[in-house]
Amino acid sequence: MNPALKTNNRHSHRTWRKFLSPILLILTWEITTRAGLVESWFLPGPFLVFKTLYGMTISGEVPYHTAISMGRAAAGYLAAAVLGIGLGLLIAWSILIEDFFDPLIELIRPLSSFALVPILFLWFGVGDTSKIILIFKSCFFPILLNTIAGIKGVDKKLIMAAKSLGANEGQLWIRVLIPSALPMIITGLRISTAMAMMSLVGVEMLSSDSGLGFLVIDAQRTFDTQRVFAGIIVLSVVGFTVDRVSRIIQSKALYWHTQTSLGGQ
Amino acid sequence: MSFITARHIGKTFNGKNNSDPTVAIGDLTLDIEEKEFIAIIGPSGCGKSTFLLMVAGLESATSGELAIEGKPVTGPDHQRAIVFQEFLLFPWKTVKGNIEFGPRINRVDKGICQTLSRDLIRLVGLEGFEECFPHELSGGMKQRVAIARALANKPKVLLMDEPFGALDALTRETMQLELQKIWQKAQCTVLFVTHSITEAIFLADRVVVMGSRPGFVKKILTIDLERPRSRKIHTSHTFRRYEQILKESIWEEEEDGSWERVPALEKRSA
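Note that the structure is a prediction, hence the values are computed from the model and not measured.

Cut-offs used in this document
- Residues numbered from 1 in each chain as written.
- Chains lettered and ligands numbered in written order.
- Predicted model: local features only at pLDDT ≥ 70, side-chain atom pairs only at ≥ 80, totals over all residues.
- Heavy atoms only, no water.
- Helix = DSSP H or I, 4+ residues; strand = E, 2+ residues; numbered from the N terminus.
- Expected span 1.5 Å × (residues − 1).
- Buried < 20%, exposed > 50% of the residue type's maximum accessible area, 1.4 Å probe, protein only.
- Arc of directions from axis to C-beta.
- Contact = heavy atoms within 4.5 Å.
- Axes fitted to C-alpha atoms, helices over the stretch in contact; angles between N-to-C directions.
- Parallel < 35°, antiparallel > 145°, perpendicular 65-115°, else oblique.
- Left-handed = near helix turned anticlockwise from the far one by under 90°.
- Pairing = 2+ DSSP bridges.
- Bend = angle between axes of the 7 residues up to and from the residue.
- Polar contact = N/O pair within 3.5 Å; in protein donor to acceptor, adjacent residues only side chain to side chain.
- Salt bridge = Lys/Arg side-chain N within 4 Å of Asp/Glu carboxyl O.
- Domains from an automatic or database assignment.
- Buried area = accessible area lost by both parts, 1.4 Å probe.
- Nonpolar A, V, L, I, M, F, W, Y, C, P; charged D, E, K, R; others polar.
- Patch = residues over 30% accessible without salt bridge, like charges linked within 9 Å, V, L, I, M, F, W, Y side chains within 5 Å.
- Areas by Shrake-Rupley, 256 points an atom, 1.4 Å probe, with all protein chains shown as cover.
- Lys, Arg positive; Asp, Glu negative; His and termini not counted.
- Charge placed at Lys NZ, Arg CZ, Asp CG, Glu CD.

(A) Examining helix H2 (residues 20-34) of chain A more closely. Residues and elements named next belong to chain A. The terminal C-alpha atoms of H2 lie 21 Å apart, and with 15 residues this matches the ideal 21 Å at 1.5 Å per residue to within 8%. Where H2 is concerned, the buried positions are Trp 29, Glu 30 and Thr 33. Around the axis of H2, the buried residues are gathered within 95° of arc, so they sit on the same side. In H2, those exposed residues whose orientation departs by more than 90 degrees from the buried face are Leu 20, Ser 21 and Ile 31. Looking at the buried residues of H2, the elements they touch are helix H3 (46-58) and helix H11 (225-253). The first or second residue beyond H2 is Gly 36, which carries a positive phi of 75°.

(B) Main features of the packing of helix H2 (residues 95-105) of chain B against helix H4 (residues 139-151) of chain B. All names here are of chain B. Contact geometry of H2 with H4 gives a least axis separation of 7 Å together with a crossing angle of 30°. On the basis of their axis angle, the class for H2 and H4 is roughly parallel. Once H2 is placed against H4, the crossing between them reads as right-handed. Contacts between H2 and H4 involve Val 95, Asn 98 and Ile 99 from the former and Val 145, Ala 148 and Arg 149 from the latter.

(C) Here's a closer look at the sheet that holds strand S3 (residues 37-41) of chain B. All names here are of chain B. In spatial order, the strands read S5-S4-S1-S2-S10-S9-S3-S8-S7-S6; together these 10 strands make up an open sheet with mixed pairing. At either margin of the open sheet sits one strand with a lone partner, and together these are strand S5 (71-72) and strand S6 (80-84). When strand S2 (residues 22-32) meets strand S10 (residues 215-222), the two strands line up parallel, connected through 2 bridges. Paired with Asp 27 across the bridge in S10 is Phe 216.

(D) Spotlight on unusual backbone geometry. Residues and elements named next belong to chain B. Here the residue pair Arg 227 and Pro 228 is connected by a cis peptide bond, since its omega of -5° sits within 30 degrees of zero. Along the chain, the position of Pro 228 falls in the loop between S10 and helix H7 (237-256). Phi at Arg 107 is positive, roughly 60°, even though this residue is not glycine. Within the element layout of this structure, Arg 107 appears in the loop between H2 and helix H3 (110-123). Given a relative accessible area of 69%, Arg 107 falls into the exposed group. In this model, Lys 154 sits at a positive phi of 50°, which is unusual for a non-glycine residue. Assignment of secondary structure puts Lys 154 in the loop between H4 and strand S7 (157-161). Look at Lys 154 and you get exposed, because its relative accessible area is 60%.

(E) View of helix H9 (residues 169-206) of chain A. Residues and elements named next belong to chain A. Counted at 1.5 Å a residue, the expected span for H9 with its 38 residues is 56 Å, but the 48 Å between its end C-alpha atoms falls short. At Leu 182, H9 is bent by approximately 50°, the largest bend along its length, and proline Pro 183 sits one to four residues beyond. With a side-chain oxygen positioned 3.2 Å from the backbone nitrogen of Gly 170, the residue opening H9 is Asn 168.

(F) How the structure looks around the pattern of salt bridges. Residue and element names in this part refer to chain A. A complete count under the given rule lists 22 salt bridges over all chains for this structure. Among the salt bridges present, the one from Lys 152 reaches Glu 98, with a minimum N-O distance of 2.9 Å. With a gap of 54 residues between them, Lys 152 in helix H7 (residues 128-152) and Glu 98 in helix H5 (residues 95-108) connect regions that are remote in the sequence. Asp 243 serves as the salt-bridge partner of Arg 247, at 3.7 Å between the closest nitrogen and oxygen. Taken together, the positions of Arg 247 and Asp 243, both in helix H11 and 4 residues apart, correspond to about one turn of that helix. Look at the salt bridges and you will find they share partners, linking Glu 61, Asp 224 and Arg 227 into a network.

(G) Up close: the side chain of Glu178(B). Residue and element names in this part refer to chain B. Here Glu 178 is to be found in helix H5 (residues 169-186). According to the relative accessible area criterion, Glu 178 is buried, its value standing at 17%. Residues contacting Glu 178, with those up to four places away along its chain left out, are Leu 123, Val 124 and Arg 144.

(H) Expanded view of the domain arrangement of chain B. Residues and elements named next belong to chain B. Segmentation of chain B into domains returns domain 1 (4-79 + 156-269) and domain 2 (89-154). Between domain 1 and domain 2, the C-alpha centre-to-centre distance is 26 Å. The contact between domain 1 and domain 2 buries some 1,100 Å² in all, and 71% of this surface belongs to carbon and sulfur atoms. Linking domain 1 with domain 2 are 1 salt bridge. Between Arg 144 and Glu 178 there is a salt bridge, with the nearest N and O atoms lying 3.2 Å from each other. Counting across the domain 1 and domain 2 interface gives 2 residue pairs in polar contact (both at pLDDT 80 or more). Breaking the side of domain 1 that touches domain 2 down by element, the ones donating at least two residues are S7 and H5. Partitioned by chemical class, the residues of the side of domain 1 that touches domain 2 number 9 nonpolar, 4 polar and 4 charged.

(I) Spatial organisation of a positive patch on the surface. On the surface, a cluster of positive charge is contributed by Arg14(A), Arg17(A), Lys18(A) and Arg244(A). Inspection of the secondary structure assignment puts Arg17(A) in helix H1 (residues 3-17).

(J) Main features of the interface of chain B and chain A. Of the residues lining the interface, 29 residues belong to chain B; the matching set on chain A comes to 21 residues. Both faces considered, chain B and chain A share a buried interface measuring about 2,200 Å² in area, 67% of it formed by carbon and sulfur atoms. Ranking the residues of chain B by area buried against chain A places Trp92(B), Ile105(B) and His135(B) at the top, with a combined share of 31%. Our count for the contact surface shared by chain B and chain A stands at 1 salt bridge. The shortest N-O distance in the salt bridge between Glu86(B) and Lys157(A) comes to 3.2 Å. For the interface between chain B and chain A, the tally reads 4 residue pairs in polar contact (both at pLDDT 80 or more). At the level of secondary structure, the elements contributing two or more residues to the side of chain B that touches chain A comprise S6, H2 and H4 of chain B. Among the residues forming the side of chain B that touches chain A, the class breakdown is 17 nonpolar, 5 polar and 7 charged.

Written out as structure tokens, the structure is:
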């Protein structure tokens, strides 16, 4: 058999195998509830949950809350990406800027985003602004630190090689330093997509009248467990999709890098 | 006046955290003619790589004068290209993209860049690999790309810091032959730092032996062997005689003990 076909075949086998554990989980879950081992307000069966989810989707409830949540996450995330990469480049460029910002970064970074919630609510109210700022805070530091580390980690001799080829300071940054640091920067951007999803749900649960976090906590308050599970499933699917998309973007942007690491060189 | 003139060059590295400063090069005087192939050999820490970086304009001398065509060296210039042992290609660029990097940033017309890279790819024997990325190439091929990239600016001086040090013995010999061919076509002055005596004799018009602690020029040996030189030349009587002379010159150094003791400075110059 053609070896290329063989690997292809093995690859599709692997894809199918990965469906095994979710299917088993859902089956066990359904059987447990059908057998009456737990009460349905405590743990509704998957069939009921998906039925509720279907209803909520048809009624427009799920799309509405998803759109609101994604809007908040995107706003906080994009602001963090722009400012994180921007400040990261400045810090890597100038030691003066680094010394100025470093103490602030080290003090704010380890702080839990949620410690800021009372102040944010006090200053900006419970609306979108404070939520977006909180998401921004969660996403900003991974992007910032990865940008700094990426630029600072560029091989000094690669810089020498570029200079000897005639690169001036601007060309050195745009054509050598930033492309070299891109794998690190993109890793920071990917870590932050997960951070954005996590803090989004948290802050929407604390205080909100919309969004997926609100959907889940509101259902819990009325003991509507089916809706709670439906909301969690939406969150899980959204999170998974965001990660997949960012992974695809990463491998497209860094075709040379992924290839290198996969090639084991 | 010579093409490259180095007069009483000295280099002292300031010690980190108030440790004593290290004198890498004490007093180095050397004249190099245009289109000459100079090999520099010497023990680790003799400042040979540091000297190469100085000619490249990537490192400055703490004393003395270094001039090319009578003009003092003040910084890097695309007329002086450097090739390192570690290849240092741009991994996100193809072979072609790497080679065209220099001319492109120096605002050479795109069409000219393409002709240039096509000719260089042929010169270094990489036809068919134009669109490959560095990770798809072997060590020898990577170094061919690095040489072509350095030559793309049509430099007057080609500086090579142990360029074949990371290659296996067989590839290394092939690359030496290739480099001789490339140099004869490219018509530039080459400064070639190496640890291999036979490589130095095989390639160079003159071999400079440097002594260490601090670095200085110990001996200059003119290699009077006809070009193009073939592999067979290694077994010739004259070649062996040169080998003998150079070995003895380096052994003297070894008896002083400086060959074995590697000062911390090599790290900086490397």
